[in-house]
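Residues per chain are reported as follows:
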Amino acid sequence: MLEQPRTPRWAERIRDERRQRGWSQKQLARHLFQAAGEEIALPEFESVVRRIKDHEAGNSRPKDPYPLLYCRVFGMDEAVLFDRDGELVGTLPMSGDLIEHTAWIEQTNVGDSTIAMIDETRYHLTQRHTQTAPAPLLADVLRLHRRVLGLLRGGKQRLHQTRELFRIDAELLAHACILLGDLYDDESAIIHGRAALLSAQEAGACEAAALSAQAKTERWRCRYTVSADAARRGYECSPPTPLRVLLASQEANAASLLGDFDRAREALHRADEAAASVAGDSGVTPWSCPAPRRALYALSVALQASDHTAALRAAAAADDAWAHGAPWVAGTWAQVRFAAGIAYVMMEDLDAAAEQVTPALSLPPEHRLSTITNYLVRMDARLAAPRFRGSDMVTTLREQIKTFNSARALPAPVEEDA
């Protein structure tokens, strides 16, 4: 009578680990799907159940991505769950070790293709920055950040893959920092900004995006010197990209809030010079600074300098850029309208101020970010001046500002992964 072939030890371990947890094969399949998440594609459910049956019977040795997923589900090391089953008996121990080491290198928990897909998703999230309401976008950014964090904490990725994951996470955290500030959560924003900088340093990557996020957050917190210095550091380390243009513009804005208009004008000049060397700035990411956005920064500097003529000239430059095909972004447009309205209030031309402000008051609540509502706070403060008392138009404008700002954008709860 022929002896039945022995079931491989790895097959017995898969079966025993499943049974110890009281799971059926279908329940194990569900856990494999959870471990795969969004970054690993699995076939249909019944096909995965059939694979499990084959694996436990020893009919076929698990192939990628199943070894990784079993190890994640059982919380075991691959070298323990899948041994060599005596296949290398008689082989020199050193050779066996090298074979195991080579297999580990080739079958890491995180493949380069997985990391590339994660980075592609991150890129698409930045492309949605001006097209999607910030609250749901923030939820998506933080969800992807948690995926990356899970891989960093639990994976066996190689050194270059770890650095790449830290680089991706640095950009995700910087993006989250911007969105949190837009949604009036400055404390969370600064924490994410600092984490972004640390992750960029850990990756050995460019720190410019993290410093840009930090500069914006510090400006919201009225720490203008810190903001200007962070923007300058980012400008110095940034390659010639749209982000470098943005960083110079951010430095100008913070410097003007300090009252250092020489530094502000010099920074605006550097922004223009940097823009001249950058082609194809689409203006659809948090790190872009096309002509209308540069004009908005110049407008803001002019308002700080109480130069209403320069402010209106900058507003006209933004409108001209849009007329000639520059990307139109609702948030930038609303800020230009409100800032131009402030310039007209400074000139005591209330009709012109109302003409500028009124169209932008229809901006949907989910897009009423802190950078937008803050302009109306400044306008309201000017309209409260004694010289405007008794004006019906001022009363109407102030009531419209109050209504607009009371329906501002707020963060949506971030759903936890199942």
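About the thresholds
Residues numbered from 1 in each chain as written. Predicted model: local features only at pLDDT ≥ 70, side-chain atom pairs only at ≥ 80, totals over all residues. Heavy atoms only, no water. Helix = DSSP H or I, 4+ residues; strand = E, 2+ residues; numbered from the N terminus. Buried < 20%, exposed > 50% of the residue type's maximum accessible area, 1.4 Å probe, protein only. Areas by Shrake-Rupley, 256 points an atom, 1.4 Å probe, with all protein chains shown as cover. UniProt positions renumbered as here; feature names shortened; annotations may be inferred. 1 Å grid on protein atoms, 1.4 Å probe; cavity = no way out; pocket = protein on both sides within 12 Å on 5 of 7 lines; lining within 4 Å. Points joined across faces, edges and corners; volume = space filled by probe spheres on them. Contact = heavy atoms within 4.5 Å. Axes fitted to C-alpha atoms, helices over the stretch in contact; angles between N-to-C directions. Parallel < 35°, antiparallel > 145°, perpendicular 65-115°, else oblique. Left-handed = near helix turned anticlockwise from the far one by under 90°.

The chain is annotated in an unreviewed UniProt entry as XRE family transcriptional regulator from Nonomuraea maheshkhaliensis.

## Some words on the overall build of the chain
From N to C terminus, the chain includes 20 helices and zero strands. Going through the 418 residues of the chain one by one, you find that 49% of them count as buried. Approximately 20200 Å² of the chain is accessible, and the part contributed by carbon and sulfur atoms is 52%.

## Details of the UniProt feature "repeat: TPR" (unreviewed entry) in the chain
Residues given the UniProt feature "repeat: TPR" (unreviewed entry) here are residues 334–367. Between the first and last C-alpha atoms of residues 334–367 the distance is 10 Å; the span itself is 71% helix and 0% strand.

## Quick word on the environment of N253
One can find N253 in helix α13 (residues 242–258). Distance in space between the C-alpha atoms of N253 and L299 is 9.4 Å, their sequence separation being 46 residues.

## Considerations on unusual backbone geometry
Look at the link from D64 to P65: it is a cis peptide, with omega at 5 degrees. For Y184, which is not glycine, the phi dihedral falls at a positive 70 degrees. Within the chain, E348 stands out as a residue other than glycine whose phi angle is a positive 60 degrees. Residue class for E348 comes out partly exposed when judged on its relative accessible area of 48%.

## Considerations on the layout of surface pockets
The calculated volume of the largest pocket comes to roughly 890 Å³. Taken together, 44 residues make up the lining of the largest pocket; nearest its centre are D182, K216, Q335, T371 and I372. Secondary structure elements with two or more residues in the lining of the largest pocket: α9 (159–182), α11 (208–220), α13, α15 (291–304), α17 (330–346) and α19 (370–383).

## A short note on the side chain of Q335
The topology assignment puts Q335 in helix α17. Look past the residues within four positions of Q335 in its chain and what remains in contact with it is L296, T371, I372 and Y375.

## With respect to the packing of α9 against α11
It is at 8 Å that the axes of α9 and α11 come closest, and there the two elements cross at 20 degrees. On the basis of the axis angle, α9 is roughly parallel to α11. Once α9 is placed against α11, the crossing between them reads as left-handed. From α9, A174, C177, I178, G181 and D182 reach across to α11, where they touch A209, A210, A213, K216, T217 and W220.

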